[in-house]
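Spelled out, the chains give:
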Amino acid sequence: MDATPTFPQYTVPMALLPNKRVLLGVSGGIAAYKSPDLVRRLREAGAEVRVLMTRAAMEFVTPLTFQAVSGHPVYSELLDEKAEAGMGHIELARWADLVLVAPATADTLARLAQGRADDLLAAACLARRGILAVAPAMNQAMWENPATRGNLRALESAGVTILGPGHGSQACGDEGAGRMLEPAEIAQRAAALFETGGLAGRHVVITAGPTFEPIDPVRGLTNRSSGTMGFAIAEAAVEAGARVTLVSGPVALAAPQRVDCLVRVETAMQMRDAVMAHMPDCDVFIAVAAVADYRPARALPRKIKKDAEQLSLELVRNPDIVAEVAALPRRPFTVGFAAETDQLEQNAQAKLVAKGLDLICANPVGPDTGFGDGATSLLLIDAQGQHPLPLDSKPRLARALVDYLARRLHEKEDSAQDPRSAHRQ
Ligand code: C5P
């Protein structure tokens, strides 16, 4: 086998890992020469990639190569003062939505199966929060060895995904199972790990961002919502197999990939109309938008001059979109948000009842949490009780929320079909 790095020409695949953070662990096997190509494919699929190498891996490919293709410095030492001052090993492990070990040598599989933590790769796998997938690459006799089979069974039963290996000619001249899968296939299968299918075939309508209520042609009432959470939920719902309609107020975010329909609106009234137009076949409605409670009674046609010492604005109530949806005769599974600065639980619980929701996501808002890109936490409250989602990135919280609501939706539907449930109501 020719061990010279080659970068074959390929067409850019559809982005399947949008905004996913992938920590690629490279261990020391000849297949490591394909890993820089894997980095490129993951990035083309929309992922942010950081690379972690074992010492043995550096015998095959230089860290500089990975730095160039990933756009980030490469991590290699467990106890590295400089690295720990930046993103330490635990932080790095937690950062990743997916830890992907490719190639994973026989020795690496054995070490991961044992739960070792004596090098950076093993420690990162142990401390991860996201998915762990490994792409084995080794000589066919090593692959067939009962010791390796036992390690694989242990890893599989611990929830680790095994990608491959492929079958064919090997660097050592042998023929058989043990070749690392090709980078394109690994990237594709890595993306498929995020496709949960929990909302397959459902139509999900989501509101996001602030609304803007014009006062005159240049001014208006708005708020600090960035739309990040709503857009992340839209992405997570797509991954769960849903057809997604996203109704967004003015935000500076690009349309999420693969969202079926993005309706950009400005005011609460426009948002309400857009939402209602999509209600007839809606299965799940998620109200994430920070809708202005009031709007100016009249939007003035001319710019207001600052002549007067005092100025009064007459405001009128906006419709409560989520409450209107929840009151529809054929209502979707309805989810609301409660961004609160204090008495989070009580305020959210009160809104769950007052608005007639199936689920409410209480979101603490402080100087550093709540709005914008930063990490936040959610407390999900429904008739079953409370379900906390601890401090995490918004994309990851969005996926956890979508998983939870898909489970609740199925339970609700199952109990509606169960003839015994009629007696319970
Ligand atoms: O009452 P409050 O604004 O705190 O409730 C927040 C929840 O209600 C969010 O889910 C928000 O999207 C939704 N909402 C709405 N229409 C409004 C006000 C809030 O859909 N006019």
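Residues numbered from 1 in each chain as written. Predicted model: local features only at pLDDT ≥ 70, side-chain atom pairs only at ≥ 80, totals over all residues. Heavy atoms only, no water.

### Here's the deal with the overall build of the chain
Okay, step 1: Across its full length, the chain carries 15 helices and 19 strands.
Okay, step 2: Principal axes of the C-alpha set define a box for the chain whose edges measure 85 × 65 × 40 Å.
Okay, step 3: Burial statistics for the chain: of 425 residues in total, 48% are counted as buried.
Okay, step 4: For the chain, restricting intrachain contacts to residue pairs at least 6 apart in sequence, the fraction spanning at least 24 positions comes to 68%.
Okay, step 5: Carbon and sulfur atoms make up 51% of the accessible area of the chain, which totals about 20400 Å². (Helix = DSSP H or I, 4+ residues; strand = E, 2+ residues; numbered from the N terminus. Buried < 20%, exposed > 50% of the residue type's maximum accessible area, 1.4 Å probe, protein only. Contact = heavy atoms within 4.5 Å. Areas by Shrake-Rupley, 256 points an atom, 1.4 Å probe, with all protein chains shown as cover.)

### Quick word on the site of the ligand
Okay, step 1: If you check the shell around the ligand, you find 13 residues, and the closest are A287, A289, P319, F337 and K351.
Okay, step 2: Backbone polar atom of A289 to an oxygen atom of the ligand: 2.6 Å apart, as the coordinates give it.
Okay, step 3: At 2.7 Å, a backbone N or O of P319 approaches a nitrogen atom of the ligand.
Okay, step 4: For the ligand, whose accessible area on its own is 450 Å², the fraction buried by protein is 85%.
Okay, step 5: If you list the elements that add at least two residues to the shell around the ligand, you get α12 (321-326) and β16 (333-340). (Near = heavy atom within 4 Å. Polar contact = N/O pair within 3.5 Å; in protein donor to acceptor, adjacent residues only side chain to side chain.)

### Overview of the sheet that holds strand β3 (residues 98-104)
Strand pairing in a sheet relies on backbone hydrogen bonds, with the paired strands running either antiparallel or parallel.
Okay, step 1: Spatially, five strands are ordered β2-β1-β3-β4-β5 in an open sheet, and the strand pairing comes out parallel. Two strands lie at the open edges of the sheet, namely β2 (48-53) and β5 (161-162), each paired on one side alone.
Okay, step 2: In terms of strand pairing, β3 meets strand β4 (residues 131-136) through five bridges, oriented parallel. Along β4, the bridge assignment pairs L98 with I131. (Pairing = 2+ DSSP bridges.)

### Here we look at the domain arrangement of the chain
Okay, step 1: Per the domain assignment, the segments making up the chain are domain 1 (21-192) and domain 2 (203-296 + 317-418).
Okay, step 2: Domain 1 and domain 2 are separated by 37 Å when their C-alpha centres are compared.
Okay, step 3: Listed by partner, the interface residues are seven residues for domain 1 and five residues for domain 2.
Okay, step 4: Buried surface at the junction of domain 1 and domain 2, summed over both partners, amounts to about 360 Å²; 23% is from carbon and sulfur atoms.
Okay, step 5: Contact with domain 2 buries area across many residues of domain 1, yet R21, D97 and R129 alone supply 84% of it, more than any other trio.
Okay, step 6: Inspection of the domain 1/domain 2 interface yields three salt bridges.
Okay, step 7: For R399, the salt bridge goes to D97, with nearest N and O atoms at 2.8 Å. (Domains from an automatic or database assignment. Buried area = accessible area lost by both parts, 1.4 Å probe. Salt bridge = Lys/Arg side-chain N within 4 Å of Asp/Glu carboxyl O.)

### Quick word on the packing of aromatic side chains
Okay, step 1: All chains considered together, the criterion is met by zero aromatic pairs.
Okay, step 2: For K20, the ring lying beneath its charged end belongs to F194, and the centroid distance is 5.2 Å.
Okay, step 3: Over the ring of W143 we find R149; its NZ or CZ atom is 4.7 Å from the centre of that ring. (Phe/Tyr/Trp six-rings, centres within 6.5 Å; stacked < 30°, edge-to-face > 60°. Lys NZ or Arg CZ within 6 Å of the ring centre and 35° of its normal.)

### Examining the pattern of salt bridges
Okay, step 1: Under the definition given, this model contains 27 salt bridges.
Okay, step 2: Of the charged contacts in the structure, one is a salt bridge between D97 and R396, with a shortest N-O distance of 3.4 Å. Of the two residues, D97 sits in the loop between α4 (89-95) and β3 while R396 sits in helix α14 (residues 394-417), which places them 299 residues apart along the sequence.
Okay, step 3: The residue R396 makes a salt bridge to D392 at a minimum N-O spacing of 3.2 Å.

### A look at the sheet that holds strand β11 (residues 243-248)
Okay, step 1: In spatial order, the strands read β12-β11-β8-β13-β16-β17-β18-β19; together these eight strands make up an open sheet with mixed pairing. Strands at the two margins of the open sheet, each flanked by one partner only, are β12 (261-264) and β19 (385-392). Here the average twist between neighbouring strands, direction ignored, is 15 degrees.
Okay, step 2: Lying on the sheet, helix α13 (residues 344-354) is in contact with β16, β17 (359-364), β18 (376-382) and β19; it crosses β17 at an angle near 150 degrees. (Axes fitted to C-alpha atoms, helices over the stretch in contact; angles between N-to-C directions.)

### Things to note about helix α9 (residues 183-192)
Okay, step 1: Among the residues of α9, those classed as buried are P183, I186, A187, A190 and A191. The buried residues of α9 occupy one face: seen down the axis, they fall within an arc of 135 degrees.
Okay, step 2: Against α1 (35-44), β3 and β4 lie the buried residues of α9. (Arc of directions from axis to C-beta.)

### Considering the nonpolar core
Okay, step 1: Ranked by internal contacts, the top residues of the largest apolar core, which has 37 residues, are L199, I233 and I286.
Okay, step 2: Elements with a contribution of two residues or more to this core: β8 (203-208), α10 (228-239), β11, β13 (284-287), β16, β17, β18 and α14.
Okay, step 3: In contact with I233, other than residues within four places in its own chain, are I206, I286, V288, F337, A398, L401 and V402.
Okay, step 4: Among the nonpolar cores identified, the runner-up in size contains 33 residues, and V22, A32, V69 and L163 belong to it. (Core = buried A, V, L, I, M, F, W, Y, C linked by side-chain atoms within 4.5 Å.)

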